[in-house]
Amino acid sequence: MTGQTTWLDQARDAHRRGDFAAETAVLEAAIRADRGNIAALLAMAELKRGLSDDRAAGSFYRLALGTAAQARSVPPALHPGLQRAEQFIAATERAFADHLLGQLRGAGIDAASATPRVAEALRVLAGEQPLYLQLPSMFYFPGLAQRPFFERADFEWVEAVEAATDAIRAELLALAGNAADRFGPYVTSSPDRPPPNNPLLDKPDWGAAWLWKDGVIADGMDALCPATLAALELAPQPVIPGRAPIALFSRLTPGTHIQPHHGLLNTRLICHLPLIVPDGCGLRVGAETRSWREGEMLIFDDSFEHEAWNRGASDRTILLFEIWRPDIDVDERTQLTRIFAAIDTYAGQ
């Protein structure tokens, strides 16, 4: 008789006798002996559920599901129990949300009357909205506000850049009409690196015409787009040798979807100046989705999960560039510049 059969038979025998204290002791011993014992975790959850201790049942169900998710394989006999765990957790979360929102409505608080931050906290608490946080893929700077979008009015330089929209659009149209097409795929492969796992790899669906790239003005763009480059000088762009500034005209063809992803850094904000925007285009950053409006800047932290799409009938084109986050001071910017330069020096060896 195996160890598992021993504890399982003992637990079943105690359950048949209605000796729930003995059954609890057997299951606790089995779990202490093997924290990864999914069968024992599920049995404990079922016992707690039968005793109307839903909070404890949910805790053991969650632990069982988490253990199963990390296991290399799960015996098929445990699959029904794991399905019951998922159903129970979903039902209790709905019941909790209904209870919570009902209590708050009685106190005069609901999504309509709460402040935006309180309303978002309630949605996360009730399981109606995932929790989105900064998750940069290369470098994380601590202590910054978890804020997906920033408002245009927060930046004194935005109005002057927006005032140049017509001149910038004219240079874009002249560029696009030139026989020497400056647009190429935004996501490209490198001969000495593994190709990125991106469905838009080397495709023109997401096109880029670079103005600044890797800290230098792209060849000939100073003559082709002087008004655009002059407008960019008004923004607090990072200056990092070999890395920044970066700026480009970014074009999405109809039907293109940039899949959810995270940017490299949380030390910067991404700025979009919309130039040509058909209906059916959008940008989601974290839990919030916004639409581009021609001539009105969109500013966001791309270290949050974000995605963009063009479901319209024609191309969507914006001017894209990056700026320092305003909550990083001058001394920190200097030190971060040295850090990034050191990273690039090592990468180049």
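The notes below deal with the structure included here. These numbers were taken from a predicted model, which means no experiment stands behind them.

1. Considerations on the overall build of the protein
- Helix and strand counts for the protein stand at eleven helices and twelve strands.
- A compact globule built from 349 residues would reach a C-alpha radius of gyration of about 20 Å, whereas the protein, at 27 Å, exceeds it by more than 25%.
- Considered along the principal axes of its C-alpha atoms, the protein spans approximately 90 × 55 × 45 Å.
- The burial tally for the protein puts 42% of its 349 residues in the buried class.
- Contacts spanning at least 24 positions in sequence make up 70% of the contacts within the protein whose residues lie at least 6 apart.
- For the protein, the exposed area adds up to about 19,100 Å²; of that, 54% sits on carbon and sulfur atoms.

2. So, the environment of Thr-256
- Tracing the backbone shows Thr-256 in the loop between strand 5 (247-252) and strand 6 (257-261).
- Owing to a relative accessible area of 4%, Thr-256 belongs among the buried residues under this scheme.
- Thr-256 sits 242 residues away from Ala-14 along the chain, and the two C-alpha atoms are 61 Å apart.
- Those residues in contact with Thr-256 that sit more than four places away from it in its chain are Leu-200, Asp-205, Ala-308, Trp-309 and Asn-310.

3. Observations concerning the nonpolar core
- One finds Trp-157, Phe-249, Met-297, Ile-299, Leu-319 and Phe-321 to be the most contacted residues of the largest nonpolar core, which totals 53 residues.
- Ranked by residue count, the leading element in this core is strand 3 (residues 206-213), at six residues.
- Not counting residues within four places of it along the chain, the set of residues in contact with Trp-157 comprises Leu-234, Ala-235, Pro-236, Cys-271, Met-297, Ile-299, Phe-321 and Ile-323.

4. Considerations on the side chain of Arg-169
- If you trace the backbone, Arg-169 turns up in helix 8 (residues 165-176).
- Judged by relative accessible area, which is 18%, Arg-169 ranks as buried.
- Of note is the side chain of Arg-169, whose polar atom sits 2.8 Å from the backbone oxygen of Leu-275.
- Ignoring anything within four residues of it in the chain, the contact list for Arg-169 reads Leu-275 and Glu-294.

5. Examining helix 4 (residues 54-70)
- Taking 1.5 Å per residue, 17 residues should reach 24 Å; helix 4 reaches 24 Å between its end C-alpha atoms and fits that length.
- Three or more residues of helix 4 are buried, namely Ala-56, Ala-57, Gly-58, Tyr-61, Ala-64, Thr-67 and Ala-68.

6. Let's talk about helix 2 (residues 20-33)
- The terminal C-alpha atoms of helix 2 lie 20 Å apart, and with 14 residues this matches the ideal 20 Å at 1.5 Å per residue to within 8%.
- Those residues of helix 2 lying buried are Glu-23, Thr-24, Val-26, Leu-27, Ala-30 and Ile-31. Buried residues of helix 2, seen end-on, are gathered within an arc of 165 degrees and therefore sit on one face of the element. In helix 2, the exposed positions angled more than 90 degrees off the buried face are occupied by Ala-21, Arg-32 and Ala-33.

7. Regarding the pairing of strand 8 (residues 281-285)
- Most of strand 8 sits out of view: five of its five residues are buried.
- Because side chains alternate across strand 8, one face comprises the buried residues Cys-281, Leu-283 and Val-285, and the other comprises Gly-282 and Arg-284, equally buried.
- Inspection of the sheet shows strand 8 paired to strand 11 (residues 306-310) by five bridges, in the antiparallel sense. In the strand pairing of strand 11, Leu-283 is matched with Ala-308.
- Where strand 8 lies against strand 9 (residues 288-290), three bridges are found, and the strand directions are antiparallel. Residue pairing across strands places Val-285 opposite Glu-288, the latter belonging to strand 9.
- Joining the antiparallel neighbours strand 8 and strand 9 is a turn of two residues, in which Gly-286 adopts a positive phi near 60 degrees.

8. Quick word on the packing of aromatic side chains
- As enumerated under the stated definition, the model contains eight aromatic pairs in all.
- When the ring of Phe-139 is compared with that of Phe-340, the centres are 5.1 Å apart and the planes differ by 80 degrees; the resulting orientation is edge-to-face. Here Phe-139 is found in the loop between helix 6 (116-125) and strand 1 (149-150), whereas its partner Phe-340 is found in helix 11 (residues 330-347), with 201 residues between them in sequence.
- By relative accessible area, Phe-340 is classed as buried at 1%.
- Taken together, Phe-150, Phe-155, Trp-157 and Phe-321 form an aromatic cluster joined through their ring pairs.
- Over the ring of Phe-150 we find Arg-147, and its NZ or CZ is 4.2 Å from the ring centre.
- Here the guanidinium or amino end of Arg-290 rests over the ring plane of Phe-149, the centre of that ring lying 4.2 Å away.

9. Focus: the environment of Phe-96
- Checked against the element boundaries, Phe-96 lands in helix 5 (residues 79-106).
- You can call Phe-96 partly exposed: its relative accessible area is 38%.
- For the pair formed by Phe-96 and Asp-222, sequence separation is 126 residues and the distance between their alpha carbons is 59 Å.

Calculation criteria
Residues numbered from 1 in each chain as written. Predicted model: local features only at pLDDT ≥ 70, side-chain atom pairs only at ≥ 80, totals over all residues. Heavy atoms only, no water. Helix = DSSP H or I, 4+ residues; strand = E, 2+ residues; numbered from the N terminus. Rg over C-alpha atoms; globule rule 2.2 N^0.38 Å. Buried < 20%, exposed > 50% of the residue type's maximum accessible area, 1.4 Å probe, protein only. Contact = heavy atoms within 4.5 Å. Areas by Shrake-Rupley, 256 points an atom, 1.4 Å probe, with all protein chains shown as cover. Core = buried A, V, L, I, M, F, W, Y, C linked by side-chain atoms within 4.5 Å. Polar contact = N/O pair within 3.5 Å; in protein donor to acceptor, adjacent residues only side chain to side chain. Expected span 1.5 Å × (residues − 1). Arc of directions from axis to C-beta. Pairing = 2+ DSSP bridges. Phe/Tyr/Trp six-rings, centres within 6.5 Å; stacked < 30°, edge-to-face > 60°. Lys NZ or Arg CZ within 6 Å of the ring centre and 35° of its normal.

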